[in-house]
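Read off the chains here:
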Amino acid sequence: MNAPVTPAQLQPATADRYATHVVHNQAAPAAGFNAFDGDAVLTAAVARESPWSAPLASQLGQLAGDADVQELARLANKHVPELRTHDRYGNRIDWVDFHPAWHALMALAWRHQVHSLAFNATGPQPHFARAVQSYLWNQVEHGVGCPTGMAYASHAGCAAEPALAIWAAKVRGTQYEFSRKEVALKPSVVIGYAMTEKQGGSDLRETQTTAVFSHSADYHGAVAHWYELSGHKWFCSVPQSDGFFTLAKVAGEVTCFFLPRTLPDGSFNRFFIQRLKDKAGNRSNASSEVEYSGTLAIRVGPEGGGIREILSHAHLTRLDFAVGSAGLMRQALTLALNHCQTRRGFGGPLARQPMLANVLADMAVEVEAATLLALRVARATDAIGQDAQQTAFARVATPMAKFFNCSRAPAVANEALQCHGGNGFIEENPMARIYREAPLNSVWEGTANMMCMDVRRAMRKDAACREALLQDLHAVRGQHKAFDAFVAGLGPLVDAMLDDEFLARPASEALARAIQGAELLRHSTPEVIDAFMRTRLAGGSAMFGSLGAAVGKAQADAIVDRAQVAR
């Protein structure tokens, strides 16, 4: 009566012990696709502007959909950089150790000229072609996008300074090498920037680092003017770089310098890494605080001209952030589409459920508009110094695009994560990494307010900037009533912004939306154009999935089909 019950008596004889371990109805991995070949917007843009670069873009696009490369990205972010201030004998070395996955990704990025195609190009529109490479790389791994972007921006500074000619040549190299060799012994170099300080942040005029002239000497065939630097930099990304652009005051005037990590005699410069930053995102990449104490650096440009010199690099940095944020949004959309297309619920694919169809189509419109905005600025960059109208357009549209795309990326990432549900909020899913990464570009190289201040400053300084924007918009008037009405209202808002900084952000946003609308009218489909005009220019909701009754489900499905990459 009280005999113990055996497990066999509790479980039916026909039960499968592991039946619950069989996985049903999970999304398929987003792998085995080409992020360039499958992207209708990107392939059409390259065909228009730089068809010679399509094979290069296709090769890089394949990496975004490669499962092995995706695993490299996961590993590089899981095993974060580690600072080594001293070797085991107590010698100060100030070096950073990385997981092999980081170096593998760096080698891929360098091989595919993500940093250098603009300067190695074999055809027209080199900055445009390079922007496409950066857009694609930001769908591979975002941390490596920092050193590629800095190397890209640094070329102009190196090429303009005779003493840095060897660095200009080496930054175009495509063979990555992680070592502390002197620049002449390396096939390529990685270049960083160390600008901001604790007390100043974006206000570079508050630089407290000082520099004192040391000597002049031959440096790889040119005369270099060497100074000794003393100070502390609050943010220095990629501190293991071969060299850095930095700022210091000479007799109270901010001056630009270039600091090699390894000196001509092979000794290591006095470059002290104090700590690595524990960042919310961008974890594969090392960011740090560094100290200069008798550190040798080459003056770049005249004494007192440091801020002007650095701002000459900033155009390319800001362009790269606008492009990179568009690429991040594209990756988020790709993952959301793949999840919703390959997972079923409520009787069919999630992507075809009415509310999700609305959300996905709305996101696709946003991503296409962001992509075309970034590429429009890249196209104008290729004309700087050759076409006055395009030069003026680039001057004002670059900070505008940086502000707008970088500010929209977190919203797109958030909605893409919601499309995944809880599956998107675990570290095994790349969606979690994208979510943490999304806000970063908006605070690097100037926050949203800084960019909108620059939009206003450009227009106040040079009326040609305002006229260049309006000329670009007026070129497509008459194609859509909502667009014409929106553009007609821009003049008073811009005028008010020029008088009152308080309006700089709404005016910059309106101008960004107008440029997006113009580019869509030139290059998109009727479904996308109609949805954009009805929801972005007519005062719709800021929430995704709010296309409204004017945009039907069939139209939304057509927009989603256009945006599909991983099939």
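One can find the structure itself at the top, above this paragraph.
The rules we used
- Residues numbered from 1 in each chain as written.
- Predicted model: local features only at pLDDT ≥ 70, side-chain atom pairs only at ≥ 80, totals over all residues.
- Heavy atoms only, no water.
- Helix = DSSP H or I, 4+ residues; strand = E, 2+ residues; numbered from the N terminus.
- Rg over C-alpha atoms; globule rule 2.2 N^0.38 Å.
- Buried < 20%, exposed > 50% of the residue type's maximum accessible area, 1.4 Å probe, protein only.
- Contact = heavy atoms within 4.5 Å.
- Areas by Shrake-Rupley, 256 points an atom, 1.4 Å probe, with all protein chains shown as cover.
- Lys, Arg positive; Asp, Glu negative; His and termini not counted.
- Charge placed at Lys NZ, Arg CZ, Asp CG, Glu CD.
- Core = buried A, V, L, I, M, F, W, Y, C linked by side-chain atoms within 4.5 Å.
- Salt bridge = Lys/Arg side-chain N within 4 Å of Asp/Glu carboxyl O.
- Arc of directions from axis to C-beta.
- Polar contact = N/O pair within 3.5 Å; in protein donor to acceptor, adjacent residues only side chain to side chain.
- Phe/Tyr/Trp six-rings, centres within 6.5 Å; stacked < 30°, edge-to-face > 60°.
- Lys NZ or Arg CZ within 6 Å of the ring centre and 35° of its normal.

**A word on the overall build of the protein**
- When its secondary structure is counted, the protein shows 21 helices and eleven strands.
- For a compact globule of 567 residues, the expected C-alpha radius of gyration is about 24 Å, and the protein comes in at 26 Å, within 12% of that figure.
- Oriented by its inertia axes, the alpha-carbon framework of the protein measures out at about 90 × 80 × 45 Å.
- Split into buried and exposed, the 567 residues of the protein put 57% on the buried side.
- In the protein, the share of contacts with a sequence separation of at least 24, taken over all contacts with a separation of at least 6, comes to 73%.
- Within the structure as shown, the protein displays about 23,000 Å² of accessible surface, and the carbon and sulfur contribution to it stands at 54%.
- Each charge class in the protein can be summarised by its mean position, and for the 53 positive and 54 negative side chains these summaries are 2 Å apart.

**Some remarks on the nonpolar core**
- Ranked by internal contacts, the top residues of the largest apolar core, which has 181 residues, are Trp137, Trp167, Phe245, Leu360, Met363, Met459 and Phe483.
- Of all the elements, helix H11 (residues 354-381) adds the most residues to this core, at 17 residues.
- Residues within four places of Met363 in sequence aside, it is in contact with Leu333, Ala336, Val412, Glu415, Ala416, Cys419 and Phe544.

**Here we look at the environment of Leu105**
- Tracing the backbone through its elements, the reader meets Leu105 in helix H5 (residues 100-111).
- A relative accessible area of 0% means that Leu105 is categorised as buried.
- C-alpha separation for the pair Leu105 and Trp137, spaced 32 residues apart in sequence, amounts to 10.0 Å.
- Setting aside residues no more than four positions away along its own chain, Leu105 makes contact with Val69, Leu72, Ala73, Ala76, Trp137, Val140, Glu141 and Val144.

**What to know about the environment of Pro399**
- Mapped onto the fold, Pro399 is located in helix H12 (residues 388-420).
- Here Pro399 falls in the buried class, since its relative accessible area comes to 2%.
- Taking the C-alpha atoms as reference, Pro399 lies 29 Å from Gln240; in sequence the two are 159 residues apart.
- Leaving out residues up to four positions away in the same chain, Pro399 has contacts with Arg318, Ala394, Met451, Asp454 and Val455.

**Some points on the pattern of salt bridges**
- One pass over the structure, following the stated rule, counts 33 salt bridges.
- Members of the salt-bridge network, linked through shared partners, are Glu49, Arg376, Arg379, Asp472, Glu519 and Arg522.

**Considerations on helix H2 (residues 40-49)**
- Within the sequence span of H2, burial applies to Val41, Leu42, Ala45, Val46 and Glu49. Looking straight down H2, one finds that the buried residues subtend no more than 125° of arc, so they occupy a single side.
- Against helix H3 (54-64), helix H7 (126-137), H11 and helix H21 (553-563) lie the buried residues of H2.
- The opening residue of H2 is Asp39, an N-cap whose side-chain oxygen sits 3.0 Å from the backbone nitrogen of Val41.

**Let's talk about helix H13 (residues 430-437)**
- Every buried residue of H13 is accounted for by Met431, Ala432, Arg433, Ile434 and Glu437.
- Looking at the buried positions of H13, the neighbouring elements they touch are helix H4 (67-78), helix H10 (306-342), H12 and helix H14 (440-443).
- The N-cap of H13, judged by a side-chain oxygen 2.9 Å from the amide nitrogen of Met431 a few residues on, is Asn429.

**Comments concerning the packing of aromatic side chains**
- Taken as a whole, this structure holds 17 aromatic pairs when the rule is applied.
- Ring centres 5.1 Å apart and planes at 65° place the aromatic pair Tyr227 and Phe257 in the edge-to-face group. Within this pair, whereas Tyr227 is found in strand E5 (residues 222-237), its partner Phe257 is found in strand E7 (residues 253-260), the two being separated by 30 residues in sequence.
- With a relative accessible area of 2%, Tyr227 lands in the buried category.
- By way of ring pairs, the aromatic residues Trp95, Phe98, Trp102 and Phe178 are connected into one cluster.
- Over the ring of Trp234 we find Lys277; its NZ or CZ atom is 3.5 Å from the centre of that ring.

**Some details on the side chain of Asp454**
- Here Asp454 shows up in helix H15 (residues 448-461).
- For Asp454, the side chain forms a polar contact with the side chain of Arg395, separated by 3.0 Å.
- A distance of 3.0 Å separates a polar atom in the side chain of Asp454 from a polar atom in the side chain of Arg457.
- Beyond its immediate sequence surroundings of up to four residues, Asp454 is in contact with Arg318, Arg395 and Pro399.

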